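Now for the letters of each chain:
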Amino acid sequence: MKTYPPLETHIRELIAATGPLPVSRYMELCLTHPEFGYYVTRDPLGRQGDFITAPEVSQMFGELIGLWAASVWNAMGSPPKVQLIELGPGRGTLMADALRALRILPAFRDAIEVHLVEISPSLRAVQRDTLANESVQWHDRLADIPPGPAIVLANEYFDVLPIHQAVRTEAGWCERLVGVDDDIFVFTTAKEPIPRFEVLLPPQVRAAPKGAIFEWRPATEIMGLARRLRDHGGAALIIDYGHVRSDAGDTFQAVAKHNFANPLKSPGTSDVTAHVDFQALGQAAESIGARIHGPVEQGVFLNRLGIDTRAQALIKNSNSQTAGEIASALKRLVGSGHKGMGALFKVLGVSHPSIPELAALSDHPATTGAAAS
Ligand SMILES: C[S@@+](CC[C@H](N)C(=O)[O-])C[C@H]1O[C@@H](n2cnc3c(N)ncnc32)[C@H](O)[C@@H]1O
């Protein structure tokens, strides 16, 4: 009899027992199955891994976000204690770079209490090493962190949260499922349409043609975050690849060894994600009573924070090889060409309603003023 790796065996058994699984359940099992999930079993980041994120591209990213956080603290009225929370901190690089940059602002540095929300035991171990000199508290979920004023950072976090997909069929919008056919995983659709689904769709999607796909994330996470900011004060910075306007389209994807892969093949061995719908995130946050800022493109955000000045300061003290690396990192972070993150990635701010502006996210750019240090 043919044998499969443990996670694939488990998913096949589930499908055999209960029928095809919603895409969201399949994605959840691939990423966070408690024993065999992708993030549970490995550190996938970096050149040797499967993908590279902005903090791993350059220290400039985390440094500027640290200074952005300081400007938020000022806008909050400089409370004596503030939680600096990161959701899905990967290798801990962003937090380490941010805290290092903040040494120049001791009053803020002293007010900070660091909290990391991380599901992966392997990445928690890496974070423990990266942040060995810091006092850090780890949590499984945002809701586990005690209440208090907070500045929350989330880089490439929302894209890993499971999405649902629905397909427009003759009968209506039906949930997209993962089943088995001819011994391989395939997409299929539920037989019955989702009741009253049209009412929930953004108006621009209601007229989508047959075969169109609409995907959405449950709003639990963004609503929990917005509620926390509304009730206890502070702001969040959400950075991810995605679109500013809700629309039809299939962005369910897998990445392994820096290349796109088939998300239905070898579950648990590639990073399965989907683009972030920033309009949906913003609307959910506003529905709770939080204020939103942006979104703006990552390139715009980093330029407004003065990344070019920071790059020039680093280049001035470097040999020619390092200077070349800094220049290409800058291009990758703000550029929109091949592998450029500047336009694909968007930045959304969410805050307590009393904060009228967040640095680099309003149309009247404020800067942190510290980027040249
Ligand atoms: C794509 S990585 C981004 C890492 C980091 N923010 C960076 O930019 O390098 C996603 C991160 O979210 C974590 N993660 C994934 N699903 C999670 C969940 N449900 N709850 C908490 N953390 C999760 C992963 O372990 C990882 O640290």
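Scoring rules and cut-offs
Residues numbered from 1 in each chain as written. Predicted model: local features only at pLDDT ≥ 70, side-chain atom pairs only at ≥ 80, totals over all residues. Heavy atoms only, no water. Near = heavy atom within 4 Å. Polar contact = N/O pair within 3.5 Å; in protein donor to acceptor, adjacent residues only side chain to side chain. Areas by Shrake-Rupley, 256 points an atom, 1.4 Å probe, with all protein chains shown as cover. Nonpolar A, V, L, I, M, F, W, Y, C, P; charged D, E, K, R; others polar. Helix = DSSP H or I, 4+ residues; strand = E, 2+ residues; numbered from the N terminus. Contact = heavy atoms within 4.5 Å. Core = buried A, V, L, I, M, F, W, Y, C linked by side-chain atoms within 4.5 Å. Buried < 20%, exposed > 50% of the residue type's maximum accessible area, 1.4 Å probe, protein only. Salt bridge = Lys/Arg side-chain N within 4 Å of Asp/Glu carboxyl O. Domains from an automatic or database assignment. Buried area = accessible area lost by both parts, 1.4 Å probe. Pairing = 2+ DSSP bridges. Right-handed = clockwise from strand over helix to strand, strands pointing away. Axes fitted to C-alpha atoms, helices over the stretch in contact; angles between N-to-C directions. Parallel < 35°, antiparallel > 145°, perpendicular 65-115°, else oblique. Left-handed = near helix turned anticlockwise from the far one by under 90°.

Draft legend 1. The site of the ligand, seen in detail. Close to the ligand lie 19 residues, the nearest being Thr53, Gly88, Gly90, Glu118 and Asn155. Here an oxygen atom of the ligand and a side-chain polar atom of Thr53 are 2.6 Å apart. One of the backbone nitrogen or oxygen atoms of Gly88 is found 2.7 Å away from a nitrogen atom of the ligand. When the free accessible area of the ligand is taken as 590 Å², the share hidden by the protein chains comes to 94%. Along the lines of polarity and charge, the residues of the shell around the ligand split into ten nonpolar, six polar and three charged.

Draft legend 2. Representation of the side chain of His164 in the model. With respect to the helices, strands and loops of the structure, His164 is situated in strand E6 (residues 164-169). A polar contact is formed between the side chain of His164 and the side chain of Ser24, at a distance of 3.4 Å. Looking at His164, its side chain comes within polar contact range of the side chain of Glu175, at 2.8 Å. Excluding its chain neighbours within four sequence positions, the residues that come into contact with His164 are Ser24, Glu175, Phe214, Glu215, Trp216 and Pro218.

Draft legend 3. Spatial organisation of the nonpolar core. Membership of the largest hydrophobic core comes to 52 residues, with the highest contact counts inside it found for Trp68, Phe108, Ile151, Leu237 and Phe301. Membership of the second largest hydrophobic core comes to 26 residues, among which are Ala150, Phe158, Leu281 and Val350.

Draft legend 4. Seen up close, the pattern of salt bridges. For the structure shown, the criterion picks out 16 salt bridges. One salt bridge connects Glu63 with Arg310, and the closest N-O pair in it is separated by 2.7 Å. On the criterion of sequence distance, the pair formed by Glu63 in helix H5 (residues 59-75) and Arg310 in helix H14 (residues 307-316) is long-range, its members being 247 residues apart. An identical accessibility class is assigned to Glu63 and Arg310; each is buried. Salt-bridge contacts for Arg109 lead to Glu134; the nearest nitrogen and oxygen are separated by 2.9 Å. Linking Arg109 in helix H7 (residues 106-111) with Glu134 in the loop between helix H8 (121-130) and strand E4 (136-139), this pair joins segments that are 25 residues apart in sequence. Bridged by salt links that share partners, the residues Lys2, Glu8, Arg12 and Asp183 form one connected network.

Draft legend 5. How the structure looks around the domain arrangement of the protein chain. Taken domain by domain, the protein chain holds domain 1 (1-30 + 162-220 + 246-288) and domain 2 (41-161 + 221-245 + 289-350). Between the C-alpha centres of domain 1 and domain 2 the distance comes to 28 Å. Across the domain 1/domain 2 interface, buried area totals approximately 2800 Å², and carbon plus sulfur atoms make up 58% of it. Three residues stand out in domain 1 for area buried against domain 2, namely His258, Phe278 and Ile288, and they jointly supply 28% of the buried area on that side. Counting every contact that joins domain 1 to domain 2 gives one salt bridge. Here Lys257 ties to Asp50 by a salt bridge, and the two come within 3.9 Å at their closest N and O atoms. Inspection of the domain 1/domain 2 interface yields 24 residue pairs in polar contact (both at pLDDT 80 or more). At the level of elements, strand E11 (253-256), strand E13 (271-273), strand E14 (276-277) and helix H12 (278-288) are the ones that each hand at least two residues to the side of domain 1 that touches domain 2. Sorting elements by how many residues they give to the side of domain 1 that touches domain 2 places H12 first, with nine residues. Residues of the side of domain 1 that touches domain 2, tallied by class, amount to 13 nonpolar, twelve polar and six charged.

Draft legend 6. Focus on the pairing of strand E3 (residues 112-117). Burial analysis of E3 places five of its six residues in the buried class, the great majority of the element. Both strand E2 (residues 82-87) and E3 contribute to a ladder of six bridges, which runs parallel. Of the residues in E3, the one forming a bridge with Ile85 is His115. For E3 and E4, the ladder comprises four bridges, and the chain directions are parallel. Across the sheet, the residue bridging to Leu116 is Trp138, located in E4. Crossover handedness for the path E3 to H8 to E4: right-handed.

Draft legend 7. Molecular detail of the sheet that holds strand E12 (residues 259-261). Spatially, E12-E11-E13 is the arrangement adopted by the three strands of the open sheet, whose pairing is antiparallel. A single partner strand is all that each edge strand has here, and the edge strands are E12 and E13. Strand-to-strand twist across the sheet, computed as the mean angle between neighbouring axes with direction ignored, equals 40 degrees. Pairing between E11 and E13: three bridges, direction antiparallel. The residue of E13 that forms the bridge with Val255 is Asp271.

Draft legend 8. Representation of the environment of Thr32. Relative to the helices and strands, Thr32 resides in helix H2 (residues 23-32). Sequence separation of Thr32 and Gly294 is 262 residues, and the distance between their C-alpha atoms is 30 Å.

Draft legend 9. Inspection of the packing of H5 against helix H6 (residues 93-101) at higher detail. Between H5 and H6, whose axes approach to 7 Å, the crossing angle comes to 55 degrees. Taken as axis vectors, H5 and H6 run oblique relative to one another. As H5 runs across H6, the sense of the crossing is right-handed. Listed contacts from H6 to Gln59, Phe61, Gly62, Glu63, Ile65, Gly66 and Leu67 of H5 are Leu94, Asp97, Ala98, Arg100 and Ala101. Here the contact of H5 with H6 is composed, by residue class, of six nonpolar, three polar and three charged.

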